[in-house]
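# Topology and contacts: notes
Now for the letters of each chain:
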Amino acid sequence: AGLVGTPNELKLKYLADNDFKNLSGAELKEAISKSIKEIKEMYTLTDEYIDEALAKLAEFEEKAILGENSEDVDALYEEFEDMFYHIATQVSIATLIYYYDTTVEETNTEYLNANEKYGDMYNAYVETCKKVYENSPLRDELFADWTEADLKELFDYSPEIQELSQRNDELLVE
């Protein structure tokens, strides 16, 4: 007969039949609620996570401009980069969920919020890279693998580009 139910109903059935097969009643309901909350938290951008990433970026900028140990500065950059990729992944997930069903207000809001946070983070990243490139004694080491095209893109970038993209997203949701 095939699967019957909405995607969310099917996911709940899967959890009940597999992950929580030894539970029933209130215990089952509580376990499923906790699982859903954990999954949602994992894939929702939080202000705290953005703040952590911005703090890591600021620490990278400070140490790079001061010319501190290049290995430590590289490690900070890599930590920020991992956080940035995580943010980009969360934005992709919010986008997929939004395009799956554009009629749900909550997903529209999460989509716009995620894209705004990503845009703000990208702007901060670009500005930091410009400052580090212009002011760090470690510039040659830190930008060794950047091409001329990469540097041109960096210095040609303007925050207005991101603002236009965000406005476009807002118009799509309306």
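Quantities reported herein were computed from a predicted structural model and do not represent experimental measurements.

## Regarding the overall build of the chain
Broken down by element type, the chain carries 8 helices and 0 strands. Written out in order from the N terminus, the α and β elements of the chain read α-α-α-α-α-α-α-α. Within the chain, the proportion of its 174 residues that are buried is 30%. A sequence separation of at least 24 residues applies to 66% of the contacts in the chain between residues at least 6 apart. Accessible surface computed for the chain: about 11600 Å², of which carbon and sulfur atoms make up 52%.

## Digging into the packing of aromatic side chains
In the structure shown here, the tally under the stated rule is 12 aromatic pairs. Relative to Tyr122, the ring of Phe84 has its centre 6.3 Å away and its plane inclined at 35°; by these criteria the two rings are tilted. Of this pair, Phe84 sits in helix H4 (residues 70–100) while Tyr122 sits in helix H5 (residues 105–135), and the two are 38 residues apart along the sequence. Ring geometry for Tyr122 and Tyr125: centres 6.1 Å apart, planes at 45°, overall tilted.

## Here we look at the side chain of Ser136
Along the chain, Ser136 falls in the loop between H5 and helix H6 (139–142). Beyond its immediate sequence surroundings of up to four residues, Ser136 is in contact with Ala64, Ile65, Lys131 and Leu142.

## A closer look at the environment of Leu138
The residue Leu138 is located in the loop between H5 and H6 in this model. For the pair formed by Leu138 and Leu66, sequence separation is 72 residues and the distance between their alpha carbons is 8.8 Å. Ignoring any residue separated from it by four or fewer positions in sequence, one finds Leu138 in contact with Ala64, Gly67, Glu68, Ser70 and Val73.

## Considering the nonpolar core
In this structure, Phe60, Phe80, Ile87, Met121, Tyr125 and Leu142 are the most contacted members of the largest nonpolar core, which totals 27 residues. Where this core is concerned, the elements lending two or more residues are helix H3 (47–66), H4, H5 and helix H7 (148–156). The dominant element in this core, judged by the number of residues it contributes, is H4, at 9 residues.

## A look at a negative patch on the surface
A cluster of acidic residues, Glu71, Asp72, Asp74, Glu78, Asp82, Asp140 and Glu141, forms a negative patch on the protein surface. When residues of the negative patch are traced back to their parent elements, those giving at least two are H4 and H6. Sort the elements by how many residues they give to the negative patch and H4 lands first, with 5 residues.

## Structural notes on the pattern of salt bridges
According to the stated counting rule, one finds 6 salt bridges in the structure shown. Between Lys117 and Asp47 there is a salt bridge, with its nearest N and O atoms 2.8 Å apart. Linking Lys117 in helix H5 with Asp47 in helix H3, this pair joins segments that are 70 residues apart in sequence. Owing to a relative accessible area of 13%, Lys117 belongs among the buried residues under this scheme. By relative accessible area, which is 47% here, Asp47 ends up partly exposed. Asp156 serves as the salt-bridge partner of Lys152, at 2.5 Å between the closest nitrogen and oxygen. A residue pair is termed a helical-turn pair when its members lie 3 or 4 positions apart in one helix, as Lys152 and Asp156 do in helix H7 at 4 residues. Exposure remark for Lys152: the relative accessible area of 54% places this residue in the exposed category.

Cut-off values and rules
Here the residue index of a chain counts from 1 through its sequence in written order. Local features are withheld for residues below a pLDDT of 70 in this predicted model, meaning they are given only at 70 or higher, and side-chain atom pairs are given and counted only at 80 or more; totals for whole chains, interfaces and linings count all residues. Heavy atoms throughout the structure, all of them, feed into the side-chain values; hydrogens and water do not. In DSSP terms, a helix is any run of H or I states spanning at least four residues, a strand is any run of E spanning at least two, and both are numbered starting from the N terminus. Exposure categories follow from relative accessible area, calculated using a 1.4 Å probe and restricted to protein chains: below 20% of the type maximum is buried, above 50% is exposed, and the middle band is partly exposed. A contact between two residues is defined here by any heavy atoms of the two lying within 4.5 Å. Values of accessible area rely on a 1.4 Å probe in the Shrake-Rupley scheme; residue burial ignores everything except the protein chains shown. Any two rings among Phe, Tyr and Trp, with Trp reduced to its six-membered ring, count as a pair given centres within 6.5 Å; such a pair is stacked if its planes are under 30 degrees apart, edge-to-face if over 60, and tilted if neither. In this text, buried Ala, Val, Leu, Ile, Met, Phe, Trp, Tyr and Cys residues form a nonpolar core when linked through side-chain atoms within 4.5 Å. Patch membership needs two things, relative accessible area over 30% and no salt bridge, and members are linked within 9 Å if like-charged or within 5 Å if nonpolar (Val, Leu, Ile, Met, Phe, Trp, Tyr). We define a salt bridge as a contact between a side-chain nitrogen of Lys or Arg and a carboxyl oxygen of Asp or Glu at a distance within 4 Å. All tallies of charge rest on Lys and Arg as positive and Asp and Glu as negative; His and the ends of each chain are not included. In plain terms, the charge of a residue is placed at NZ if it is Lys, CZ if Arg, CG if Asp and CD if Glu.

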